[in-house]
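Single-letter residue listing:
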Amino acid sequence: VQLAESGGGLVQAGGSLRLSCAASGGTVSSRSMGWFRQAPGKEREFVGGISWSDCATTYRDSVKGRFILSRDNAKNTVNLEMNSLKIEDTAVYYCAATGRFDENWESRYVYWGQGTQVTVSS
């Protein structure tokens, strides 16, 4: 499965961005899909994920109420709507996918995109 992110960029604090992840070589409908991020000097962290089975979503606490995950199985894409962005959201954001019919658990993500930079300025 190949994943390609788009939609990153520079935005002022309080603004919004929408990231998209397009999958090829496999279908997202049978996979849990997630987003991770890595800020300079920090370890990669799980941002949120959406289950393949019931589209249930999970988010890290710091983005709850601000970020929204969605999937479009017909277009084979997953989106991350990011609102009320904060400077601490600055990072490279990675789209990720699990194996087929696998759960939305951090350890189950095995396919990765190249990442897209999100920079939030004051």
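Residues numbered from 1 in each chain as written. Predicted model: local features only at pLDDT ≥ 70, side-chain atom pairs only at ≥ 80, totals over all residues. Heavy atoms only, no water.

Caption draft 1: Structural view of the pairing of strand β11 (residues 116-121). With burial as the criterion, only one face of β11 is covered, namely that bearing Thr 116, Val 118 and Val 120; the residues Gln 117, Thr 119 and Ser 121 on the opposite face remain uncovered. The pairing of strand β2 (residues 9-12) with β11 spans four bridges and is classified as parallel. From the neighbouring strand, Val 11 faces β11, where its bridge partner is Val 120. (Buried < 20%, exposed > 50% of the residue type's maximum accessible area, 1.4 Å probe, protein only. Helix = DSSP H or I, 4+ residues; strand = E, 2+ residues; numbered from the N terminus. Pairing = 2+ DSSP bridges.)

Caption draft 2: A look at the packing of aromatic side chains. According to the stated counting rule, one finds five aromatic pairs in the structure shown. Centroid distance Phe 36 to Phe 46: 5.2 Å. Interplanar angle 70 degrees. Geometry classified as edge-to-face. Of this pair, Phe 36 sits in strand β4 (residues 31-38) while Phe 46 sits in strand β5 (residues 45-50), and the two are ten residues apart along the sequence. Pair check on accessibility: Phe 36 and Phe 46 agree, each one buried. Counting every residue linked through ring pairs, the aromatic cluster contains Phe 36, Phe 46, Tyr 109 and Trp 112. The ring of Phe 36 carries Arg 44 above its face, with NZ or CZ at 5.8 Å from the centroid. It is Arg 44 that lies over the ring of Trp 112; its NZ or CZ is 3.8 Å from the centre. (Phe/Tyr/Trp six-rings, centres within 6.5 Å; stacked < 30°, edge-to-face > 60°. Lys NZ or Arg CZ within 6 Å of the ring centre and 35° of its normal.)

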